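# Observations on chain architecture
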Amino acid sequence: MPNDMRKYFSSEVIDDLAHASQYTATSGSEHLLCKMADLLFTVHNLITCLENIGHKEALSLLRQPESNEDSGEQEGEQEGEQEGEQEGEQEGEQEGEQEGALKPHPIRPEQHGQHNPACDGIMQCNTPMQSFDQRLTAKIEIVQEPVAQINPYPIGSIMELCVKAQGAETYMWEKNREEMNGEKSNRLKITLNSVEDGGEFQCILSNRYGGKQASKTCCIKVMPPDEDTVYSATNKVALLIGNMNYQSPLVKLSNPVNDVRALALSLRRMHFHVIALVNLTLVEMQNAIRIFCSMIGHGAYGFFFFAGHGFSKDECSYMVPVDAKEGFTCDDCLDVPILLRSMDETGSALNVIVLDKCR
């Protein structure tokens, strides 16, 4: 056994080869070639190694044409070099064309740049590789592009865009080719308060494997307000109540009457039919509201104002009449939700309630 073989094989491999050489030179050479094939030598490596150790009989076996058609020869691109397929190799396995290259075992992504056990006794393979699974994972496929539900949007509406994709991990929305701060999910939701809130929106998708994909651009338009639009009401009715002369222990008030007078003057200038009343009892307040709601009608504007004592309990607001006695309860006062419900039932176009309560 040539001494130079210790450069290429471990002591266990050399002992195994020496044991096979005890029979005939031919059987030892065949065993040598099989052992080198098990160690994942390429054909070029086999020839170079055998020439260096001077094993002529193994070289003659390697260069001798095979009679078996199932393991025929293939001519390589490099001049003068012949590559042979050994009988018993797995069907469909191709041998490396690069000089000195080894055929490595599959390397997991976390093993890139680390020692490969398949190269023990031959050489160390440190070439970084990208696994087939990793190349597949880098691909991003968009399955749902962002689409506007309506276009153009009226001012004040809410726009929502959504993109869905396979293989995407991070999202970045752009407006007019500029990154939008804080928009890092697959959904974009914006309130369109002006024409400038519209524009061209696009989502950039990426993942940790270097995959990157851009969605289609979605052009959002915002409908400008119509300056020629005239808002009108079928009627305008206002009820103003100012309670001042409360009984003990409630403190009498002085400002409600002044507030009622000033507000009544302003509303009349806006063509409201104004009902202005002061110092009403509970029954009088109830009757005034009933008449007020009957005057509003469909498509009208309703305006209600109260100045006086009031309080809140259980998330409900109450207005106190002037005849409330000491120790009064909620039943002795006027419930604001009942007032609002009565105004809504009229079919009015607009309802406004203003409360100036002393708690």
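The biggest cluster of nonpolar side chains holds 29 residues, and the ones touching the most others in it are Phe292, Phe304 and Met319. Of all the secondary-structure elements, those providing two or more residues to this core are β14 (236-242), α7 (282-296), β16 (301-313), β17 (316-319) and α8 (336-344). In terms of residue count, α7 provides more of this core than any other element does, six residues in total. Not counting residues within four places of it along the chain, the set of residues in contact with Phe292 comprises Val237, Ala238, Leu239, Gly302, Phe303, Phe304 and Met343.

So, on to the environment of Gln166. The residue Gln166 is located in strand β6 (residues 164-166) in this model. Between the C-alpha atoms of Gln166 and Ile140, which are 26 residues apart in sequence, the distance is 5.7 Å. Beyond its immediate stretch of four places on either side in the chain, Gln166 contacts Lys139, Ile140, Glu141 and Val143.

Residue-level pLDDT values for the protein chain average 75, and 64% of them are 70 or greater. No element of the protein chain has a lower mean pLDDT than strand β1 (residues 73-75), at 47, and none a higher one than β14, at 95. Segment residues 66-80: pLDDT under 50, and 15 contacts once partners within four positions in sequence are set aside and those in other chains are kept. Between residues 109-113, whose pLDDT stays under 50, and residues either more than four places distant or in other chains, the model counts nine contacts.

Turning next to α8. Working note: α-helix, 3.6 residues per turn, so residues spaced by three or four point in the same direction. Of the positions making up α8, those classed as buried are Val336, Leu339 and Met343. All buried residues of α8 lie within an arc of 60 degrees about the axis, which places them on one face of the element. Structurally, α8 contributes buried residues whose contacts are with α7, β16, β17, β18 (334-335) and β19 (350-358).

So, about the packing of aromatic side chains. Scanning the model with the defined rule gives two aromatic pairs in all. A centroid spacing of 5.1 Å and a plane angle of 15 degrees characterise the contact between Phe311 and Tyr318, whose relative ring orientation is stacked. Geometrically, the ring pair formed by Phe311 and Phe328 is tilted, given 6.1 Å between the ring centres and 50 degrees between the ring planes. Here Phe328 lies in the loop between β17 and β18 and Phe311 lies in strand β16, a separation of 17 residues in the sequence. Under the relative-accessibility criterion, Phe328 is labelled partly exposed at 26%.

Looking now at unusual backbone geometry. Notably, Arg177 is not glycine yet its phi reads approximately 70 degrees, a positive angle. Mapped onto the elements, Arg177 comes out in the loop between β7 (170-175) and β8 (178-179). Phi angles above zero are rare outside glycine, and Asn279 is one such case at about 55 degrees. One can find Asn279 in the loop between β15 (273-278) and α7.

Here we take up the state of the cysteines. Considering all chains together, one arrives at zero disulfides under this definition. The thiol sulfur of Cys218 is not disulfide-bonded, and the nearest other cysteine sulfur, from Cys219, lies at 7.5 Å. Relative accessible area serves as the criterion here: at 7%, Cys218 is assigned to the buried category.

In this structure the tally under the stated criterion is three salt bridges. Residues Glu169 and Arg208 are paired through a salt bridge, measuring 2.8 Å at the closest nitrogen-oxygen approach. Of this pair, Glu169 sits in the loop between β6 and β7 while Arg208 is found in the loop between β10 (199-206) and β11 (212-214), placing the two residues 39 residues apart along the sequence. The exposure class assigned to Glu169 is partly exposed, which follows from its relative accessible area of 37%. For Arg208, a relative accessible area of 64% translates into the label exposed. Lys184 is the salt-bridge partner of Glu179, the closest N and O atoms lying 2.6 Å from each other. Overall, the relative accessible area of 44% leaves Glu179 in the partly exposed class.

Quick look at α7 now. The terminal C-alpha atoms of α7, which comprises 15 residues, lie 22 Å apart, in line with the 21 Å expected from a rise of 1.5 Å per residue. In this structure, the buried residues of α7 make contact with β14, β15, β16, β17, β18 and α8. Count one or two residues on from α7 and you reach Gly297, which has phi positive near 75 degrees.

Thresholds applied
- Residues numbered from 1 in each chain as written.
- Predicted model: local features only at pLDDT ≥ 70, side-chain atom pairs only at ≥ 80, totals over all residues.
- Heavy atoms only, no water.
- Core = buried A, V, L, I, M, F, W, Y, C linked by side-chain atoms within 4.5 Å.
- Buried < 20%, exposed > 50% of the residue type's maximum accessible area, 1.4 Å probe, protein only.
- Helix = DSSP H or I, 4+ residues; strand = E, 2+ residues; numbered from the N terminus.
- Contact = heavy atoms within 4.5 Å.
- pLDDT = per-residue confidence, 0-100.
- Arc of directions from axis to C-beta.
- Phe/Tyr/Trp six-rings, centres within 6.5 Å; stacked < 30°, edge-to-face > 60°.
- Disulfide = S-S within 2.5 Å.
- Salt bridge = Lys/Arg side-chain N within 4 Å of Asp/Glu carboxyl O.
- Expected span 1.5 Å × (residues − 1).

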